[in-house]
Amino acid sequence: MALHWDDFRLVKAIADRGGLTHAAEALAINHSTAFRRLAAIEASLDARLFERRRAGYVPTAAGEAMARAAARMEEDVVTFSRAMAGKGVAPAGELRVTAAASFVSGVMMPMLGRFCARYPQIRLDLVVSEEALNLSRRDADVALRASDGPPPTLVGRRLADVAWAIYGPADGPRTLEDRDWVSPSEGVGGGRHARFVRARAGTGRVRLQLNTVLGLADAVEAGIGIGPLPCMQGDGRPGLVRLSGVEPDLASALWLLTHPDLRHAPRVRAFMDHMAEEIAALRALFAGAPPT
């Protein structure tokens, strides 16, 4: 039979998600449509693609083979899309950028305002996420990430060192002893911030955990507890004061990354050059230099 791309996509979605309901949601179709289409595919192939079990849909050998073929086709489509995305001749079109919420709500938005004024033909799609989106699959075109080392599949620039220190309310005591703490959760930064706080705070002194850096400064300023913050964020809050020097165990670097296929696209080059210029002026503050 003549199979269509959508048939492969459906089989891969069911295999990836283990059932019709989540596969249908991922493909933006309803459950009954997914059920009928799978039945039609299996009838046309005269082969069962999935074993229907109580725990979900388990692919047969034929189903696994079709899902693998779909994965190869999907990668070819993504590769072609990246190649075409890099063929523009002027800084124009849509640019999808991803960054953590704490960076977006702090220093990034004024930078984006100046970028939009400078390049009116570029439309920004900002994806705020604490997780590292997959640039190879074009979940985003450019990423601003705090990292010790970016993956080898990406290219980009190290923009600044990111220093952290321990902060407390400006109207509170200047000591670390016998204090309650707030902390990023294990899911932030590979868990090293949470481990750092546990080592300093001791048992039972962590009053609040957040799954993002955004809100930590508010929690410290509200008096819930002291805690680690990026110096760029903590030093910019008059209601906070440093209780420690720069903590080497929490240091990282700010990277601006893209996929190799997109690095010569005019809109990507324009954005990366602009952000590099903007952040260069603030590099000392990112690195923990006290504000003047």
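Higher on the page you've got the structure.
Report follows, based on the coordinates.

## Observations regarding helix α2 (residues 20-27)
Among all positions in α2, only Leu20, Ala23, Ala24 and Leu27 are buried. Looking straight down α2, one finds its buried side chains confined to an arc of 100°; they lie on one side. In the core, the buried residues of α2 are packed alongside α1 (5-17), α3 (31-45) and β2 (56-59). At the exit of α2 stands Ala28, carrying a positive phi of roughly 60°.

## Comments concerning the nonpolar core
Core analysis: the largest hydrophobic core is formed by 52 residues, its most contacted members being Met108, Leu144, Phe271 and Ile279. The element that contributes the greatest number of residues to this core is helix α9 (residues 266-280), accounting for seven residues. When near neighbours in sequence (up to four residues on either side) are disregarded, Leu144 contacts Thr98, Ala99, Ala100, Phe103, Met108, Leu159, Leu254, Trp255, Leu256, Met275 and Ile279. The next biggest cluster of nonpolar side chains, apart from the first, holds 18 residues, and it includes Ile14, Ala24, Ile41 and Tyr57.

## Focus on the sheet that holds strand β7 (residues 164-169)
Where strands meet in a sheet, backbone hydrogen bonds hold them as pairs that are either parallel or antiparallel. Strands sit in the order β10-β7-β11 across an open sheet of three strands; the sheet is antiparallel. With partners counted over all chains shown, the strands left at the sheet margins are β10 (227-230) and β11 (240-242), one partner each. Averaged over all pairs of adjacent strands, the angle between their axes in this sheet comes to 55°, without regard to strand direction. Across three bridges, β7 lies against β11 in antiparallel orientation. Note on β11: the bridge partner recorded for Pro169 is Leu240.

## Comments concerning the sheet that holds strand β12 (residues 252-258)
Within the open sheet, the five strands sit side by side as β4-β3-β5-β12-β6. Their pairing is mixed. Unpaired on one side and paired on the other, β4 (122-128) and β6 (155-162) mark the two borders of the sheet. The sheet shows a mean angle of 20° between the axes of neighbouring strands, direction not considered. Summarising the sheet, strand β3 (residues 93-99) and strand β5 (residues 142-147) pair through two bridges and their orientation is parallel. Residue pairing in the sheet places Thr98 in a bridge with Ala143 of β5.

## Points about the packing of α1 against α3
Contact pair α1 / α3: the axes reach a minimum separation of 10 Å and the direction vectors enclose 110°. Considering the angle they form, α1 stands roughly perpendicular to α3. Seen from above, α1 lies across α3 with left-handed handedness. For the pair α1 and α3, the contacting residues are Asp6, Asp7, Leu10, Val11 and Ile14 in the first and Ala34, Arg37, Leu38 and Ile41 in the second.

## Remarks on the layout of surface pockets
Estimated volume of the second largest pocket: approximately 200 Å³. Around the second largest pocket, the lining residues are Trp5, Arg9, Lys12, Ala13, Asp16, Arg17, Ala26, Leu27, Ala70 and Glu74. Of all the elements in the fold, those that place two or more residues in the lining of the second largest pocket are α1, α2 and α4 (61-85). A total of six residues in the lining of the second largest pocket trace back to one element, the largest contributor, which is α1.

## Considering the pairing of β10
Side-chain direction in a regular strand flips from residue to residue, so the side chains alternate between the two faces of the sheet. Burial of β10 is two-sided: the residues Gly227 and Leu229 facing one way and the residues Pro228 and Pro230 facing the other way are all buried. As judged from the four bridges shared by β7 and β10, these two strands associate in the antiparallel manner. Pairing of Trp164 across the sheet is with Pro230, part of β10.

## Describing the packing of aromatic side chains
Applying the stated rule across the entire model yields four aromatic pairs. Ring plane angle 80° and centroid distance 5.2 Å describe the contact between Phe115 and Phe271, whose orientation is recorded as edge-to-face. Of this pair, Phe115 sits in helix α5 (residues 101-118) while Phe271 sits in helix α9, and the two are 156 residues apart along the sequence. Using a relative accessible area of 0% as the deciding quantity, one classes Phe115 as buried.

## Remarks on the packing of α5 against α9
In helix packing, the relevant descriptors are the interaxial angle and the interaxial distance, both defined with respect to the helix axes. The interhelical angle for the contact between α5 and α9, taken along N-to-C directions, is 125°, at an axis separation of 10 Å. Accordingly, the angle class assigned to the pair α5 and α9 is oblique. For α5 against α9, the interelement crossing comes out right-handed. Two secondary-structure elements touch here, α5 through Phe103, Met108, Met111, Leu112, Arg114, Phe115 and Arg118 and α9 through Ala270, Phe271, His274, Met275, Glu277, Glu278 and Ile279.

What counts and how
- Residues numbered from 1 in each chain as written.
- Predicted model: local features only at pLDDT ≥ 70, side-chain atom pairs only at ≥ 80, totals over all residues.
- Heavy atoms only, no water.
- Buried < 20%, exposed > 50% of the residue type's maximum accessible area, 1.4 Å probe, protein only.
- Helix = DSSP H or I, 4+ residues; strand = E, 2+ residues; numbered from the N terminus.
- Arc of directions from axis to C-beta.
- Contact = heavy atoms within 4.5 Å.
- Core = buried A, V, L, I, M, F, W, Y, C linked by side-chain atoms within 4.5 Å.
- Pairing = 2+ DSSP bridges.
- Axes fitted to C-alpha atoms, helices over the stretch in contact; angles between N-to-C directions.
- Parallel < 35°, antiparallel > 145°, perpendicular 65-115°, else oblique.
- Left-handed = near helix turned anticlockwise from the far one by under 90°.
- 1 Å grid on protein atoms, 1.4 Å probe; cavity = no way out; pocket = protein on both sides within 12 Å on 5 of 7 lines; lining within 4 Å.
- Points joined across faces, edges and corners; volume = space filled by probe spheres on them.
- Phe/Tyr/Trp six-rings, centres within 6.5 Å; stacked < 30°, edge-to-face > 60°.

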